[in-house]
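# Topology and contacts: notes
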2 protein chains.
Amino acid sequence: MSLPHALLGLLAAAPATGYDLAREFESDLGRYAWQAGHASIYPELARLAARGLVEVVDQGARGSKTYDITEEGREELRSWLLRPPGEGVVRNEGVLRMFLIPALDPDDQRSALTAIAEQAAAGEAELRERLSGAPDPRRGPRRELGLLAARFGLGQYRATNDWARRALDELDARTGGDR
Amino acid sequence: MSLPHALLGLLAAAPATGYDLAREFESDLGRYAWQAGHASIYPELARLAARGLVEVVDQGARGSKTYDITEEGREELRSWLLRPPGEGVVRNEGVLRMFLIPALDPDDQRSALTAIAEQAAAGEAELRERLSGAPDPRRGPRRELGLLAARFGLGQYRATNDWARRALDELDARTGGDR
DNA sequence: TACGACATGTAAGAGGTTACATGATTCG
DNA sequence: CGAATCATGTAACCTCTTACATGTCGTA
């Protein structure tokens, strides 16, 4: 039940076509929060339109339809965002891998943890660069969302890197620290 | 395709019944990494057994079956854990809410961000207490998994709290900081 | 004029949740 | 002996992914 709210949230920032929205899910949104492909987005937009939460405000070239959120849509979005966050859906393959690392033998643990730390460091560096550069002019009205998401990602990568390096330290301590 | 590997990873630490595994998903594992209910676990164990990756090593009271991982299972798990982490599934309703907060008006943003910061602080405190106390004797062979997961959670809550408080500061700066 | 990006849709199937269904054991 | 917990399973349904299918527009 999160996809409709994700779409409402994106449309609340600016009207967009289904195609635009699908691309939005390929960046930070899809990386840290929620993934969706066009094959789930188009039918969901149609359902939201049928419920009166969004509407088609423009039909352009190539059969494109630009959707905007309606007043009812804003209310639905607001009540969802303000609802006390009960334990929602959580599904993260990367974190799952991290948790299961103790099942490996020490050498394999070392390489898996090293790979995680390096990947997190690389992700952090890349994001830091993006944040320090000029704000991406393409994003326009969703710039704020992107900024917030990027900063969240930064914290995420930092925490992951710290976690992996601490696990590596302890592994070295346990196995004698040599090699 | 992550549930079978999650089950293999848990069984790699110690043999368990489907019921045991279902409870495992209710703690840190389900909170940060991957959720699963008994209705998906039992059929998946049967499939894994059919593929020879796990086997029934004991049948106890109440029709319970204790599963253990096989050598083939360990190899499958190892190759999955060592596989370079391409972008896996990510689905996190809480993070999605965080990203969409800019869709609210400033007052609502303030309350949503405050709620997030408070919840993260409470989660962090609770986890910190659990980590400082005596290690839970019930967990036995999965203690290490739990420790790793709890420390990950700690970093997570810290990052979330920082993120929310920074967003609040900026909101105050933008809207004049009064009230 | 060909290629890449834009743009939308459907169908089949995988994976997962909720609800239904059943029964044994333990503990107060 | 009643309630909670242990323990397993199935059926219906929902959601999302993958693959299939189609067509337009800009530009090199």
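Quick note: structure is the one above.
The structure presented is a predicted model; accordingly, all values stated were derived computationally and were not measured.

Residues and elements named next belong to chain A. A grouping of Glu-55, Glu-71, Glu-72 and Glu-75 is seen on the molecular surface, where their side chains present a negatively charged patch. Looking at the negative patch, the element that brings in the most residues is helix α5 (residues 71-82), giving three residues. Within the secondary structure, Glu-75 is located in helix α5.

As enumerated under the stated definition, the model contains eight aromatic pairs over all chains in all. Judged by centre distance (6.3 Å) and plane angle (65 degrees), the ring pair of Tyr32(A) and Phe152(A) falls under edge-to-face. Placement of Tyr32(A) in helix α3 (residues 28-33) and of Phe152(A) in helix α8 (residues 143-174) is noted, with a sequence separation of 120 residues between them. In this pair, the class of Tyr32(A) matches that of Phe152(A), namely buried. Ring geometry for Phe152(A) versus Phe99(B): centroids 5.6 Å apart, planes at 80 degrees, classification edge-to-face. Here Phe152(A), found in helix α8, pairs with Phe99(B), found in helix α6 (residues 93-100), and the two come from separate chains. Here Phe152(A) matches Phe99(B) in class, with each residue buried.

Around DNA strand C sit 21 residues in total, of which Tyr19(A), His38(A), Tyr42(A), Lys65(A) and Met1(B) are the nearest. Sugar and phosphate atoms represent 67% of those atoms of DNA strand C found within 4 Å of the protein. In this structure, a sugar or linking oxygen belonging to DNA strand C sits 3.4 Å away from a side-chain N or O atom of Arg62(A). The set of elements that each furnish at least two residues to the surface near DNA strand C consists of α2 (18-24) and α4 (38-50) of chain A together with α4 (38-50) of chain B. When its residues are assigned to classes, the surface near DNA strand C shows nine nonpolar, seven polar and five charged.

Residues and elements named next belong to chain B. Tallied over the entire structure, the rule returns 30 salt bridges over all chains. Residues Arg-23 and Asp-20 are paired through a salt bridge, measuring 3.4 Å at the closest nitrogen-oxygen approach. Linking Arg-23 with Asp-20, this pair stays in helix α2 (residues 18-24), spanning three residues, or about one helical turn. For Arg-23, a relative accessible area of 48% puts it in the partly exposed group. Residue classification places Asp-20 among the partly exposed residues on the basis of a relative accessible area of 25%. Between Glu-124 and Arg-128 there is a salt bridge, with the nearest N and O atoms lying 2.6 Å from each other.

Looking now at the interface of chain B and chain A. At the interface, 56 residues of chain B touch 56 residues of chain A. Taking both partners together, chain B and chain A bury about 5800 Å²; carbon and sulfur atoms supply 63% of that area. Summed over the three residues of chain B that lose the most area to chain A, namely Arg91(B), Arg97(B) and Phe99(B), the buried surface amounts to 14% of that side. Scanning the region where chain B abuts chain A turns up eight salt bridges. Here Arg31(A) and Glu87(B) are joined by a salt bridge, their closest N and O atoms 4.0 Å apart. In this assembly, chain B and chain A are joined by 23 residue pairs in polar contact (both at pLDDT 80 or more). Where the side of chain B that touches chain A is concerned, the elements lending two or more residues are α1 (3-13), α3 (28-33), α5 (71-82), β4 (90-92), α6, α7 (106-132) and α8 (143-174) of chain B. For the side of chain B that touches chain A, the class distribution of residues is 31 nonpolar, eleven polar and 14 charged.

Quick look at the protein's contact with DNA strand D now. As a matter of local geometry, DNA strand D sits amid 21 residues, with Arg62(A), Tyr19(B), His38(B), Tyr42(B) and Lys65(B) nearest to it. When the atoms of DNA strand D within 4 Å of the protein are grouped by moiety, sugar and phosphate amount to 67% of the total. Within the contact set of DNA strand D, a phosphate oxygen lies 3.4 Å away from a backbone nitrogen or oxygen of Gly18(B). The contact in question runs from a sugar or linking oxygen of DNA strand D to an N or O atom on the side chain of Arg62(B), over 3.4 Å. At the level of secondary structure, the elements contributing two or more residues to the surface near DNA strand D comprise α4 of chain A together with α2 and α4 of chain B. Of the residues contributing to the surface near DNA strand D, the split by class is nine nonpolar, seven polar and five charged.

All right, on to helix α6 (residues 93-100) of chain A then. All names here are of chain A. Within α6, seven of the eight residues are buried, which leaves the element mostly enclosed by the surrounding structure. Within the span of α6, buried status applies to Glu-93, Val-95, Leu-96, Arg-97, Met-98, Phe-99 and Leu-100. Among the residues of α6, the N-terminal cap falls to Asn-92, whose side-chain oxygen and the backbone nitrogen of Gly-94 are separated by 3.1 Å.

Parameters at a glance
Residues numbered from 1 in each chain as written. Chains lettered and ligands numbered in written order. Predicted model: local features only at pLDDT ≥ 70, side-chain atom pairs only at ≥ 80, totals over all residues. Heavy atoms only, no water. Patch = residues over 30% accessible without salt bridge, like charges linked within 9 Å, V, L, I, M, F, W, Y side chains within 5 Å. Areas by Shrake-Rupley, 256 points an atom, 1.4 Å probe, with all protein chains shown as cover. Salt bridge = Lys/Arg side-chain N within 4 Å of Asp/Glu carboxyl O. Lys, Arg positive; Asp, Glu negative; His and termini not counted. Charge placed at Lys NZ, Arg CZ, Asp CG, Glu CD. Helix = DSSP H or I, 4+ residues; strand = E, 2+ residues; numbered from the N terminus. Phe/Tyr/Trp six-rings, centres within 6.5 Å; stacked < 30°, edge-to-face > 60°. Buried < 20%, exposed > 50% of the residue type's maximum accessible area, 1.4 Å probe, protein only. Near = heavy atom within 4 Å. Polar contact = N/O pair within 3.5 Å; in protein donor to acceptor, adjacent residues only side chain to side chain. Nonpolar A, V, L, I, M, F, W, Y, C, P; charged D, E, K, R; others polar. Contact = heavy atoms within 4.5 Å. Buried area = accessible area lost by both parts, 1.4 Å probe.

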